[in-house]
Amino acid sequence: MKFEEELELNILKQTGKVINQKTLAHEVGYSVGKVNFVLKGLIEKGFIKAERFISSNKKLQYKYLLTEEGFKEKVNLTEKFIERKKKEYDELQSDLEKYKNEEEQILAQACGVK
């Protein structure tokens, strides 16, 4: 999974909430400019749509809604994310076993055991 896909997934997960781009940027940990860029791309791809409304303090805001295609993409990206995390976990488990074996060999050598 690429960096851009992970950011898209984080934004897709936030859709449906009444949220401004500044708050969304804070939630996903990126700049407002980056979030705006990704949102525009997701809208162009047809994964989300933006609905305008007037908030209680008379400001024009947007609510970002997931489309059917956006829902499918969210599932796809989530599956990719899980697969990547499983692979990372397996690699870490392998490294851990290797480290344990190395530790046993070093301790055996230190104690004079062959």
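Everything numeric here is computed off the predicted structure, so don't read it as measured data.

Peer 1: Explain the environment of Glu 69 to me, please; I cannot follow it from the model alone.
Peer 2: With respect to the secondary-structure elements, Glu 69 resides in helix H4 (residues 68-110). Spatially, the C-alpha atoms of Glu 69 and Tyr 30 are 24 Å apart, while their sequence positions differ by 39 residues.

Peer 1: What exactly am I supposed to notice about the pattern of salt bridges here?
Peer 2: Counted under the stated rule, the structure contains eight salt bridges. With a shortest N-O distance of 3.1 Å, Glu 88 and Arg 84 are connected by a salt bridge. Of the two residues, Glu 88 and Arg 84 both sit in helix H4, four residues apart, roughly one turn of that helix. Judged by relative accessible area, Glu 88 falls into the partly exposed class, the value being 30%. Here the salt bridges share partners, and the residues they tie into one network are Glu 6, Arg 84, Lys 85 and Glu 88.

Peer 1: Which parts of the structure should I look at to understand the packing of helix H1 (residues 3-14) against H4?
Peer 2: Between two packed helices, what matters for the description is the angle formed by their axes and the separation of those axes. Where H1 contacts H4, the two axes come as close as 9 Å, and the packing angle between them is 125°. It follows from the interaxial angle that H1 and H4 lie oblique. When you trace H1 past H4, the crossing you get is left-handed. Contacts from Glu 5, Glu 6, Glu 8, Leu 9, Leu 12 and Lys 13 of H1 reach H4 at Gly 70, Glu 73, Lys 74, Leu 77, Thr 78, Lys 80, Phe 81 and Arg 84. Looking at the contact of H1 with H4 residue by residue, the class counts come to four nonpolar, two polar and eight charged.

Peer 1: Mind showing me how you'd approach the nonpolar core here?
Peer 2: Note on soluble globular proteins: their nonpolar side chains tend to be buried together. Grouped together as the largest cluster of nonpolar side chains are 16 residues, with contacts concentrated most on Ile 11, Leu 24, Val 35, Leu 39 and Leu 42. Put simply, the parts of the chain that give this core at least two residues each are H1, helix H2 (21-28) and helix H3 (32-45). Ignoring sequence-local partners within four residues, the contact set of Ile 11 consists of Leu 24, Val 28, Val 35, Val 38, Leu 39 and Leu 42.

Peer 1: How do you make sense of the packing of H1 against H2 when you look at a structure like this?
Peer 2: One way to put it is that H1 packs onto H2 with a least axis distance of 10 Å and a crossing angle of 125°. Between H1 and H2, the angle falls in the class oblique. Where H1 crosses over H2, the handedness of that crossing is right-handed. Mapping the contact onto sequence places Leu 7, Asn 10, Ile 11 and Gln 14 in H1 and Leu 24, Glu 27 and Val 28 in H2. Class assignment of the residues belonging to the contact of H1 with H2 gives a composition of four nonpolar, two polar and one charged.

Peer 1: In this structure, what is going on with H3? I would like to understand it.
Peer 2: In an α-helix, one turn spans 3.6 residues; hence positions three or four apart end up facing the same way. In a regular helix each residue adds 1.5 Å, so 14 residues correspond to 20 Å; H3 covers 20 Å between its end C-alpha atoms and thus fits that length. When we look at burial in H3, the residues that qualify are Val 35, Val 38, Leu 39 and Leu 42. On an axial view of H3, the arc spanned by its buried residues comes to 105°, and they lie on one face. When the buried face of H3 is taken as reference, the exposed residues oriented beyond 90 degrees from it are Gly 33, Phe 37 and Glu 44. In the stretch just after H3, Gly 46 is the one whose phi turns positive, near 85°.

Peer 1: How should I be thinking about H4 in this particular structure?
Peer 2: For H4, built from 43 residues, the straight-helix expectation of 63 Å at 1.5 Å per residue is met to within 8% by its first-to-last C-alpha distance of 63 Å. Here H4 has its buried residues at Gly 70, Glu 73 and Leu 77. Those residues of H4 that are buried lie in contact with H1 and strand E2 (60-66). Phi turns positive, to about 80°, at Gly 112, one or two residues after H4.

The rules behind the values
- Residues numbered from 1 in each chain as written.
- Predicted model: local features only at pLDDT ≥ 70, side-chain atom pairs only at ≥ 80, totals over all residues.
- Heavy atoms only, no water.
- Helix = DSSP H or I, 4+ residues; strand = E, 2+ residues; numbered from the N terminus.
- Salt bridge = Lys/Arg side-chain N within 4 Å of Asp/Glu carboxyl O.
- Buried < 20%, exposed > 50% of the residue type's maximum accessible area, 1.4 Å probe, protein only.
- Axes fitted to C-alpha atoms, helices over the stretch in contact; angles between N-to-C directions.
- Parallel < 35°, antiparallel > 145°, perpendicular 65-115°, else oblique.
- Left-handed = near helix turned anticlockwise from the far one by under 90°.
- Contact = heavy atoms within 4.5 Å.
- Nonpolar A, V, L, I, M, F, W, Y, C, P; charged D, E, K, R; others polar.
- Core = buried A, V, L, I, M, F, W, Y, C linked by side-chain atoms within 4.5 Å.
- Expected span 1.5 Å × (residues − 1).
- Arc of directions from axis to C-beta.

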